[in-house]
Amino acid sequence: MCATGIGAAVRRKEDHRFITGKGHYTDDINQPGQAYAYFVRSPHAHATIKSIEAKEAARMPGVLGVLTGAELAADKIGNLICGWMIHSKDGSPMKMAPHPALASGKACFVGDPVAVVIAATLAQARDAAEKVKVDYAVLPAVTDPAQAQKSGVPQIHEVAPNNTIYQWHLGDAKAVESAFTSAKHVTKLDLVNNRLVPNAMEPRVAIGDYDTGSGTFTLWNTSQNPHVARLVIAAFVGMAPEHKLRVIAPDVGGGFGSKIFIYPEEVVALWAAKRVGRPVKWTAERSESFLCDAHGRDHVTHAEMAFDAEGRIVALRAKTVANLGAYMSTFSSAVPTYLYATLLSGQYEIPQIYCEVDAVYTNTGPVDAYRGAGRPEATFVVERLVEVGAREMGQDPAELRRKNFVKEFPHQTPVIMNYDTGDYNASLKRALEIADYKGFGRRKRESARNGKLRGVGFSTYIEACGIAPSAAVGSLGAGVGLWESAEVRVNPTGSVEVLTGCHAHGQGHETTFAQLVSDRLGIPIDNVSIIHGDTDKVQFGMGTYGSRSGAVGMSALVKALDKVEAKAKKVAAHMLEAAEGDIEFKDGKFSVAGTDKSAAWGEVALNAYIAHKFSGQELEPGLKEGAFYDPTNFTFPAGCHICEVEIDPETGNTEIAAWTAVDDFGVVVNPMIVEGQVHGGVAQGVGQALYEGAVYDKDGQLVTGSLLDYCMPRADHLPALNVATTVTKCPSNPLGIKGCGEAGAIAAPAAVINAITDAIGTEAIAMPATPQAVWAALKKAGRSLPHAA
Amino acid sequence: MYAFTFRRPETLRQAANLLSKNGDAKPLAGGHTLLPTMKLRLASPPELIDLSRIEGLEGIELTGRALTIGAMARHADVHGSPVVQQAIPVLAKLAGMIGDPAVRHMGTIGGSIANNDPSADYPAACLGLGATIVTNKRRIKADDFFTGMFSTALEPAEIITKVSFPIPKKAAYQKFRNQASRYALVGVFVAKRGGDIRVAVTGAGANGVFRIQSFEEALKKRFSPKSLEGMTIPADGMNSDIHGSAEYRAHLVGVLARRAVAEAVGK
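The structure presented is a predicted model; accordingly, all values stated were derived computationally and were not measured. (Residues numbered from 1 in each chain as written. Chains lettered and ligands numbered in written order. Predicted model: local features only at pLDDT ≥ 70, side-chain atom pairs only at ≥ 80, totals over all residues. Heavy atoms only, no water.)

### A word on helix α15 (residues 549-576) of chain A
Residue and element names in this part refer to chain A.
- The end-to-end C-alpha distance of α15, which contains 28 residues, comes to 37 Å, matching closely the 40 Å that a straight helix rising 1.5 Å per residue would cover.
- Burial of α15 is extensive: 20 of the 28 residues sit out of reach of the surface.
- One or two positions beyond α15, positive phi appears at E577, with a value near 50°. (Helix = DSSP H or I, 4+ residues; strand = E, 2+ residues; numbered from the N terminus. Expected span 1.5 Å × (residues − 1). Buried < 20%, exposed > 50% of the residue type's maximum accessible area, 1.4 Å probe, protein only.)

### Observations concerning the interface of chain B and chain A
- Contacts between the two partners involve 23 residues from chain B and, on the opposite side, 27 residues from chain A.
- Summing the contributions of chain B and of chain A, the shared interface buries around 2,000 Å²; its carbon and sulfur component is 46%.
- It is R41, Q179 and R182 of chain B in chain B that bury the most area against chain A; as a group they hold 31% of the surface buried on that side.
- Our count for the contact surface shared by chain B and chain A stands at 6 salt bridges.
- In this structure, the salt-bridge partner of D127 of chain A is R41 of chain B, at a minimum N-O distance of 2.7 Å.
- Linking chain B with chain A are 17 residue pairs in polar contact (both at pLDDT 80 or more), by the criterion used here.
- Classifying every residue of the side of chain B that touches chain A by side-chain character gives 10 nonpolar, 7 polar and 6 charged. (Contact = heavy atoms within 4.5 Å. Buried area = accessible area lost by both parts, 1.4 Å probe. Salt bridge = Lys/Arg side-chain N within 4 Å of Asp/Glu carboxyl O. Polar contact = N/O pair within 3.5 Å; in protein donor to acceptor, adjacent residues only side chain to side chain. Nonpolar A, V, L, I, M, F, W, Y, C, P; charged D, E, K, R; others polar.)

### Regarding the pairing of strand β12 (residues 184-193) of chain B
All names here are of chain B.
- Judged by how many residues are buried, β12 sits mostly within the fold: 9 of 10 residues are covered.
- Here strand β11 (residues 170-177) runs beside β12; their pairing, made up of 8 bridges, is antiparallel. Across the sheet, the residue bridging to Q174 is V188, located in β12.
- Between β11 and β12, which pair antiparallel one after the other, the connecting turn spans 6 residues, and R182 there sits at a positive phi close to 65°.
- Linking two consecutive strands that pair antiparallel, namely β12 and strand β13 (residues 196-202), is a turn of 2 residues; a positive phi of about 60° is found at G194 within it. (Pairing = 2+ DSSP bridges.)

### Digging into the domain arrangement of chain A
Residues and elements named next belong to chain A.
- Annotation of chain A at the domain level lists domain 1 (31-139 + 201-254 + 259-292), domain 2 (299-467 + 633-780) and domain 3 (483-629).
- Here domain 1 and domain 2 have C-alpha centroids that lie 36 Å from each other.
- Taken together, the contact between domain 1 and domain 2 spans 26 residues of the former and 30 residues of the latter.
- Taken over both partners, the interface formed by domain 1 and domain 2 buries close to 2,400 Å², and the fraction arising from carbon and sulfur atoms is 66%.
- Summed over the three residues of domain 1 that lose the most area to domain 2, namely W84, F261 and F290, the buried surface amounts to 26% of that side.
- Our enumeration of links across domain 1 and domain 2 arrives at 1 salt bridge.
- Two residues, K89 and E356, come together in a salt bridge whose shortest N-O distance is 2.7 Å.
- Counting every contact that joins domain 1 to domain 2 gives 10 residue pairs in polar contact (both at pLDDT 80 or more).
- It is helix α8 (residues 286-292) that contributes the most residues to the side of domain 1 that touches domain 2, 3 residues altogether.
- Classifying every residue of the side of domain 1 that touches domain 2 by side-chain character gives 18 nonpolar, 4 polar and 4 charged. (Domains from an automatic or database assignment.)

### Observations regarding the sheet that holds strand β14 (residues 313-323) of chain A
Residue and element names in this part refer to chain A.
- Spatially, 5 strands are ordered β7-β15-β14-β13-β8 in an open sheet, and the strand pairing comes out mixed. The two strands at the open ends of the sheet, each matched to only one other strand, are β7 (164-171) and β8 (185-193). Across the sheet, the mean angle separating the axes of adjacent strands is 10° when strand polarity is ignored.
- Relative to the sheet, helix α5 (residues 173-181) contacts β7, β8, β13 (299-307), β14 and β15 (352-360), its axis offset from that of β14 by approximately 125°. (Axes fitted to C-alpha atoms, helices over the stretch in contact; angles between N-to-C directions.)

### Some details on the sheet that holds strand β20 (residues 496-500) of chain A
All names here are of chain A.
- Taken in spatial order, the 4 strands line up as β21-β20-β19-β25 in an open sheet, and their pairing is mixed. Every interior strand has two partners, whereas the edge strands, β21 (528-531) and β25 (624-629), have only one. For this sheet, the mean inter-axis angle between neighbouring strands, taken without regard to orientation, is 15°.
- For strand β19 (residues 484-490) and β20, the ladder comprises 5 bridges, and the chain directions are antiparallel. What sits directly across from R489, in β20, is E497.
- The sheet contacts of α15 involve β19, β20 and β25, and relative to β25 the element is tilted by about 145°.

### With respect to the domain arrangement of chain B
Residue and element names in this part refer to chain B.
- Domain assignment breaks chain B into domain 1 (5-50), domain 2 (60-166) and domain 3 (170-264).
- Averaged C-alpha coordinates put domain 1 and domain 2 at centres separated by 19 Å.
- Contact residues are listed per partner, giving 10 residues for domain 1 and 13 residues for domain 2.
- In this assembly, domain 1 packs against domain 2 so that about 830 Å² is buried in total across both faces, 77% of it on carbon and sulfur atoms.
- It is L12, A29 and H32 that lose the most area in domain 1 upon contact with domain 2, and together they represent 54% of the buried surface on that side.
- Scanning the region where domain 1 abuts domain 2 turns up 0 salt bridges.
- Applying the counting rule to domain 1 against domain 2 returns 1 residue pair in polar contact (both at pLDDT 80 or more).
- It is helix α1 (residues 12-21) that provides the largest number of residues to the side of domain 1 that touches domain 2, a total of 5 residues.
- Residue classes in the side of domain 1 that touches domain 2 are distributed as 6 nonpolar, 4 polar and no charged.

### Details of the packing of helix α17 (residues 671-691) of chain A against helix α18 (residues 743-760) of chain A
Residues and elements named next belong to chain A.
- Here α17 crosses α18 at 45°, and the two axes come no closer than 7 Å. Between α17 and α18, the angle is such that the two are oblique. Pair α17 / α18 crosses with right-handed handedness. Of the residues in α18, those touching α17 at V678, G681, V682, Q684, G685, V686, Q688, A689 and L690 are G744, A745, A748, P749, V752, I753 and I756.
- Residue composition of the contact of α17 with α18, by class: 11 nonpolar, 5 polar and no charged. (Parallel < 35°, antiparallel > 145°, perpendicular 65-115°, else oblique. Left-handed = near helix turned anticlockwise from the far one by under 90°.)

Quick look at the structure:
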């Protein structure tokens, strides 16, 4: 390992510009003549739009245009789409309702864009937007997914009777039924996976520009995957052909999934720019982010786990209703199906699993992938069932887990996934040591002496990352392949530019990808630049989500570096007048085996370009190679998180007393960055468990529409985390990487709730476990004071 | 935010005149409630009268048996003031619990009590300590000053100049925060000064800050948390929202009152 190679805790190269305020975020970009967009949004969750009167607004100072769904349709701007086809049990395709970028005839959630005002200044646009008169006929709304399919409930889209998008299933229902019939013990739980608002620090922004000379559109946006945005806006929305549309996603301040999707505002910014003949910028206000960024989770589940007499899990079944909101967002259909039910085996050998998922429309904002996407929901189901099962059967929760762990690999689960490698016992064992599990009883007594209830909870989670083998996801309904590309451009002076189809919005790719190049080519990390986020620079890529950039994006880079090295060896052979097969490359130096003849990396790079030492007919000048890498399997990061909580029974307040995370991410490229990812993920998971929850009232108003009412986790909500890793190398990619970006958010909710329920002695608590909720649960269970055990 | 006229008078009289001339004008005393509300276009005063340039509104001094704090003293000033820390330490501590550093360096005591947010901390301190609110026109007892949610006894063009706090023998404040906003979901201020015992509650009441007579009577017999054991207040009249039902808030009032008394007596 070199000082800046794989495994080194290299400081993040990008941080200097970020912490000194020199980043270039989309809102930092301004175009000459730029105008501003302000959206008129529906204040009603469900309403017919009878008319829109825009004359007065159009006459307001500075106004360049007031546009509505009628103009959008007249210009034949296509609908937004969901790009993953799910079929119901009966074989019928999912019921995707039209999703125009401006509501057409009907508004379906509070915040649904109904019109847009373009004006010379933002204040003018906003003033004029207040003068747009929309005549609504308010309709009754439905917001609760558990109610959405009932008879007599408001119908949101004609194409989807009973608000049902699909009724999907996975697994063998009969085999599961029979396993349950002969089971010794069955644990049953009703679970709600609470709805979350992503709240990236940087709100979404879009700037549309249209060049009348070349007929080319440019979109600057806050995207995790600019090429996919371009593909959808070109091929489905029909704004322009791909080669006439450039999408640039510059520095992006956090995404957590919410910036994967193609949103109405970016379509409107492009379209409006052409209509008014000026660049158009839209920057979301935080209130708009709350209403209109795709939310996460929102599952209602009944789940059961069956055990035999020895405490072995014999089967699991789950019935989930997933709320997809008012419209199907870009990847919404895949989240509660193939990203969820396929992980219901957890770390355990479960012979039979059956899962049914009904996806429903409601009059709420769209729901799509959010950090973990489906896998936190699966982990919550499995880890709550195992924990409660252990309690009901009087077994130690760690021991019950150990007994049921998958121990031999590869392991085929009954729900598609083929686990390649892992050592679940190793992470559990290490976590038990670090957490001093043996000393828990002592700490519980100590807490009791202070009038506090202490509890411990486990989460031995698994996730599927490194998405994904293209043919496999294609067979499951994906509309795209999930490979990744990389291009390595070596300059004549030996410095290197890497163009990757991944996109960094907090992950630190400018450092970790450079570490790989430094490691392979033996050059200083500062001689490497990582370029991403511009469709005119990077040929194509699938972007960053699902913890895929290390496992897939860096694997593509390995392939490209292999080609660069092979070409450079040819150049070196000519320079050193040796056979190509005799050239060795090590530590940035090409040498002829068995001789002292050598050439440095920089000399070879220069010779590749000046091309003085070889004939252009036998070897092409230049040193630039590209590669596409398609993974052969998902990767399976897994680990053990142990949470200890201390609860004040008088107020119901929960404090995280200790946190241990032992994760197996495969080979770690930069341990400092990985630790940061675990910290962030755990904070978000703790946020879901204790603080966060999007609440709509019965009329469809978002009650938690600002940070005054929606609680994000803060630094002082968390103790110092004990973070460690165990390593089993991923066999399916060249670097052995599994991925780490979502683990904390996947593991944490179950660990927290398992700890709280251990402390309060009742399982009846929902997320977020706010002080009021914990107090009410204690009161209902008739427990209020700690008992020294 | 809509356009408005910004005025920055240099004397109290000028400020009062400006406020008299335009009944819709708003005094600006930190603005950490008013300005965000204006940015959201939920308030649109045509004129803001900034009080920050008026001399003599920021002082903190101990005079005889009272601590006087100028209306424009910022929360951070009160929190960091050795005079306050010495005279009424709980008041310095309370000021340090308000909002975040940005709020504490801009927000003022006068602005806070004039706004009388039902979840603000200072109203509980004023009522709990039996403070006197001094204006450009008169002196108002805290018991008469807070007249309901976001409502006070202040008349048009009446400007708070300072707040005078009698020094208690024992006092403590217990704040249970709304997790999201960090305002008081419930805050209980208790103080003992001779025979005068006060228990003031913020955050909980639907009509803003209030005193609990039954708790005060019980504590007059013996100023000890034990005196409040088993005592509750009815949930009627409590605020109720997603963060706390009326029942939960009423329960917290009892818990926090006992804890505040325990803190005040040093247990």
